Amino acid sequence: MGKLIYLDNAATTQVKEEVLQEMLPYFRTNFSNPSAVYSFAQEGKKAVDKARGQAADLIGAKREEIYFTAGGSESDNWALKATAEAYKSKGKHIITSKIEHHAILHTCEYLEKNGYEITYLNVDEAGKIKIEELKAAIRKDTILISIMAANNEIGTIEPLAEIGKIAHENGILFHTDAVQAYGHIPIDVDEMNIDMLSASGHKLGGPKGIGLLYIRKGVKIGSFIHGGAQEKNRRAGTHNTPGIVGLGKAAELAKFNLKDVSDYEIKLRDHLIERVLKEIPYSRLNGHRTDRLPGNANFCFRFIEGESMLILLDQLGICASSGSACTSGSLDPSHVLLAIGLPHEIAHGSLRISLSEATTLEDIDFVVDELKKIVEHLRSMSPLYEDFTKSSQ
């Protein structure tokens, strides 16, 4: 295998060099517990406070509204479970969508087992929620609307400002899972009326194992992890100082470079989409054509199965992913692709390609050239494709 072409940045990103250099001193030189009272600990405390401000600035939040967690899944769990507990006297109804990440969907299933009612909104064929359906789902006992900022599989960006306005007009809290969007598209928590927001460091060039939950001042939710007074008594556990510093630096870099990186990734993404749709027959783009994450392209190829594509791409040193859950041992295709109306047999042939600023035009062209060969090869072994071509003659 020659050059590695990494096109799975929606799964995780490489830690940026500037981020790594910022983190290193807090493993050995400034290794203190930031919660300690002696002077040696003050350097770590200052670093955590600085990172809190950097993370807040990226979304127009206040420093004191940022709470560090172990990642996006913890943040999602905290937002939903703590809200359910804190506001249960008002009601036990929550609204979300059918295409959320499993950190939201499985938490909602847990809450349903504990007496809460969940409304799962449909989405259109591009993956956007239906605003009129959202309005119709609101009840007197609705306490929370949780809709992701952008979908992790198909990249579609949801209308956050419109959702937030509707939530606040009805006195309902609004949470968004922004794990894929944080640092990739502009987000302003005040303009969008966002009350809680989940993010994760490793999706924007930061380290794994660190995330955050933005909680608007005045939102009365309690702790999710108990056992210490860290994070203003809201999230127990010794601070992961290197991780926090890394997340802060990654957020700072993302804010500074957001437009340039976005413009670059969109240019490559659109080139990729245009070539695939033009040059590979019976292919389709999943998700909204323009209202999508800058680096996301998700395709379905009829008459083949996604896992086979991944294996053949991997043999060429190309890292991508499939929306099909069969890659994790299930025969069921992606719940997201089914929610946008794809039949099972087409949803199984999905491929997600997610770019970064390190991706080159040469990378894209090489991948498309090889993908054309792979699709043709797999279809040549497909009895379904053979039957289709015969019936089309």
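Calculation notes
- Residues numbered from 1 in each chain as written.
- Predicted model: local features only at pLDDT ≥ 70, side-chain atom pairs only at ≥ 80, totals over all residues.
- Heavy atoms only, no water.
- Phe/Tyr/Trp six-rings, centres within 6.5 Å; stacked < 30°, edge-to-face > 60°.
- Helix = DSSP H or I, 4+ residues; strand = E, 2+ residues; numbered from the N terminus.
- Buried < 20%, exposed > 50% of the residue type's maximum accessible area, 1.4 Å probe, protein only.
- Lys, Arg positive; Asp, Glu negative; His and termini not counted.
- Salt bridge = Lys/Arg side-chain N within 4 Å of Asp/Glu carboxyl O.
- Polar contact = N/O pair within 3.5 Å; in protein donor to acceptor, adjacent residues only side chain to side chain.
- Contact = heavy atoms within 4.5 Å.
- 1 Å grid on protein atoms, 1.4 Å probe; cavity = no way out; pocket = protein on both sides within 12 Å on 5 of 7 lines; lining within 4 Å.
- Points joined across faces, edges and corners; volume = space filled by probe spheres on them.
- Nonpolar A, V, L, I, M, F, W, Y, C, P; charged D, E, K, R; others polar.
- Expected span 1.5 Å × (residues − 1).
- Pairing = 2+ DSSP bridges.
- Right-handed = clockwise from strand over helix to strand, strands pointing away.

**Student:** So what's going on with the packing of aromatic side chains? Residues and values would help.
**Tutor:** Applying the stated criterion across every chain yields a total of eight aromatic pairs. Centroid distance Tyr282 to Phe388: 5.0 Å. Interplanar angle 85 degrees. Geometry classified as edge-to-face. With Tyr282 in the loop between helix 9 (241-279) and strand 9 (283-286) and Phe388 in helix 14 (residues 383-392), this residue pair connects regions lying 106 residues apart in the sequence. Aromatic side chains Phe303 and Tyr385 sit 5.2 Å apart centroid to centroid with 55 degrees between the ring planes, which places their arrangement in the tilted category. Separated by 82 residues along the polypeptide, Phe303 in the loop between strand 10 (296-301) and helix 10 (306-315) and Tyr385 in helix 14 bring together distant segments of the chain. Among the residues examined, Phe303 registers a relative accessible area of 16% and is labelled buried. Through pairs of rings, three or more aromatic residues link up here, namely Tyr282, Phe303, Tyr385 and Phe388.

**Student:** Which residues make up the side chain of Arg234, and what values do they have?
**Tutor:** Structurally, the position occupied by Arg234 is in the loop between helix 8 (230-233) and helix 9. The buried charged residue Arg234 lacks any salt bridge partner; its closest oppositely charged side chain belongs to Glu65, at an N-O distance of 8.7 Å. A polar contact of 2.9 Å, which involves the side chain of Arg234, links it to the backbone oxygen of Val219. When residues no more than four places from it in sequence are discounted, the contact partners of Arg234 are Tyr67, Trp78, Ile215, Val219, Lys220, Ile221, Ser223, Phe224 and Ile225.

**Student:** Any chance you could break down unusual backbone geometry for me, citing the residues and the numbers?
**Tutor:** The residue Asn193 is not glycine, and still its phi comes out positive at about 55 degrees. Of note, Asn193 is situated in the loop between strand 6 (173-177) and strand 7 (196-200). Taking relative accessible area as the criterion, Asn193 reaches 22% and is therefore assigned partly exposed. In this structure, Lys232 takes a positive phi of about 55 degrees despite not being glycine. Relative to the helices and strands, Lys232 resides in helix 8.

**Student:** For the layout of surface pockets, give the residues involved together with the corresponding values.
**Tutor:** Roughly 690 Å³ of internal volume is contained in the largest pocket. What lines the largest pocket is a set of 37 residues, and nearest its centre among them are Asn9, Thr13, Glu265, Ser356 and Glu357. Only strand 1 (5-6) and helix 9 provide two or more residues apiece to the lining of the largest pocket. Residue classes in the lining of the largest pocket are distributed as 16 nonpolar, 14 polar and seven charged.

**Student:** So what about helix 13 (residues 361-380)? Which residues, and what values?
**Tutor:** With 20 residues, helix 13 should cover 28 Å at 1.5 Å per step; its first-to-last C-alpha distance of 29 Å lies within 8% of that length. Taken as a whole, helix 13 has its buried residues at Asp363, Ile364, Val367, Val368, Glu370, Leu371, Ile374, Val375, Leu378 and Arg379.

**Student:** I'd like a rundown of the pairing of strand 3 (residues 93-97), residues and numbers included.
**Tutor:** Counted residue by residue, strand 3 has five buried out of five residues, so it is predominantly covered. Burial along strand 3 is two-sided: His93, Ile95 and Ser97 facing one way and Ile94 and Thr96 facing the other are all buried. Of the strand pairs in this sheet, strand 3 and strand 4 (residues 117-121) are connected by five bridges, and their pairing is parallel. Paired with Ile95 across the strands is Thr119, a residue of strand 4. The parallel pair strand 3 and strand 4, bridged by helix 5 (residues 102-113), forms a crossover whose chirality is right-handed. Direction of pairing for strand 3 relative to strand 5 (residues 142-146): parallel, over a ladder of three bridges.

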